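Letter by letter, the chains look like this.
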Amino acid sequence: MRRNTFIIPITVLLMAATAAIATAANRGPANIDIFGGQSGKVPFPHAQHQDRIKDCKVCHGTFPQETDAIKKMKAQGTIKPKKVMNLQCIKCHKAEKKAGNPHGPVTCTNCHVK
């Protein structure tokens, strides 16, 4: 009986540590270059957004977690030009700015790099 008193908490701690390590390992790259069409690529601080937003589905509910997902979606016609900017990125950045919070760029040229 006394032995279980030690085994259960240790097991719980080991499981929590394993989950934390697995989550950290599955975060993907810290920085990503996103296809930005004719306006040029968009350097995207992925880890910074993960730390701030927490819920991956905010973005990945729209965009698959795969390399060049936006480029593929545009080529297939499943996403319209500027949808990423207007309905995802800029919308969130403007809302954060309006709320008085730190925010990302709110204009095209502040993100796209030719």
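Since the structure is predicted, the reported quantities are computational estimates derived from the model, not experimental observations.

Asks: Would you mind showing me how to read the pattern of salt bridges here?
Replies: Any two side chains of opposite charge can pair, on the condition that their charged atoms come close. Inspection of every chain in the model, using the stated rule, returns four salt bridges. Where Lys-41 meets Asp-33, a salt bridge forms, and the shortest distance between an N and an O atom there is 3.5 Å. On the accessibility criterion, Lys-41 (40% relative accessible area) is partly exposed. Here Glu-96 ties to Arg-52 by a salt bridge, and the two come within 2.7 Å at their closest N and O atoms. Separated by 44 residues along the polypeptide, Glu-96 in helix α5 (residues 83–98) and Arg-52 in helix α2 (residues 46–53) bring together distant segments of the chain.

Asks: Hey, could you run me through unusual backbone geometry in this one?
Replies: One non-glycine residue with positive phi stands out, namely Lys-54, at about 75 degrees. Checked against the element boundaries, Lys-54 lands in the loop between α2 and α3 (57–60). On the basis of relative accessibility, which here comes to 64%, the residue Lys-54 falls in the exposed class. Here the phi dihedral of Asp-68 falls at roughly 60 degrees; this positive angle occurs in a residue that is not glycine. The residue Asp-68 is located in the loop between α3 and α4 (69–76) in this model. The exposure class of Asp-68 is partly exposed, given its relative accessible area of 38%.

Asks: I'm lost on α5 in this one. Help?
Replies: Because an α-helix completes one turn every 3.6 residues, residues spaced three or four positions apart along the sequence face the same direction. Relative to the 22 Å expected for 16 residues at 1.5 Å per residue, α5 spans 21 Å between its end C-alpha atoms, a close match to the ideal helical length. Maximal helix bending in α5 amounts to about 45 degrees, located at Ile-90. Among all positions in α5, only Val-84, Met-85, Gln-88, Ile-90 and His-93 are buried. The elements touched by buried residues of α5 are α2, α3 and α4. Following α5 by one or two positions, Gly-100 adopts a phi angle in the positive range, close to 80 degrees.

Asks: Would you explain the environment of Pro-81 in this entry?
Replies: With respect to the element layout, Pro-81 can be found in the loop between α4 and α5. Pro-81 gets classed as exposed once you look at its relative accessible area, which sits at 67%. Once the C-alpha coordinates of Pro-81 and Gly-36 are considered, the two residues, 45 residues apart in sequence, prove to be 9.3 Å apart.

Asks: Looking at this model, I keep getting lost on α4. Mind explaining?
Replies: Regarding α4, the residues found buried are Ala-69, Ile-70 and Met-73. Buried positions in α4, seen along its axis, are confined to an arc of 95 degrees and lie on one side of it. Where α4 is buried, its residues meet β1 (32–34) and α5. At the exit of α4 stands Gly-77, carrying a positive phi of roughly 80 degrees.

Asks: What should I look at first to understand the environment of Val-113 in this one?
Replies: Within the element layout of this structure, Val-113 appears in the segment after α5. On the accessibility criterion, Val-113 (38% relative accessible area) is partly exposed. Separated by 74 residues in the primary sequence, Val-113 and Ser-39 have C-alpha atoms spaced 7.1 Å apart. The residues touching Val-113, leaving out its near neighbours within four places in the chain, are Ser-39, Gly-40, Lys-41 and Pro-43.

Rules of the game
Going along each chain's sequence as written, the residues are numbered from 1 onward. Totals for whole chains, interfaces and linings use all residues, but because this is a predicted model, local features are given only for residues with pLDDT of at least 70 and pairs of side-chain atoms are given and counted only at 80 or more. Each side-chain value is derived from all of the structure's non-hydrogen atoms; neither hydrogens nor water enter the calculation. One side-chain nitrogen of Lys or Arg within 4 Å of one carboxyl oxygen of Asp or Glu is enough to make a salt bridge. For every residue, the accessible area obtained with a 1.4 Å probe (protein chains only) is divided by the maximum for its type, and the residue is called buried under 20%, exposed over 50%, and partly exposed between those limits. Only DSSP runs of H or I reaching four residues or more are called helices, and only runs of E reaching two or more are called strands; each is numbered from the N terminus. One less than the residue count of a helix, multiplied by 1.5 Å, gives the span that helix is expected to have. Take the seven residues that end at a residue and the seven that start at it, fit an axis to each, and the angle between those axes is the bend at that residue. Only heavy atoms matter for contacts: two residues are in contact if any of them lie within 4.5 Å across the pair. Think of it as the arc spanned by the lines of direction from the helix axis to the C-beta atoms.

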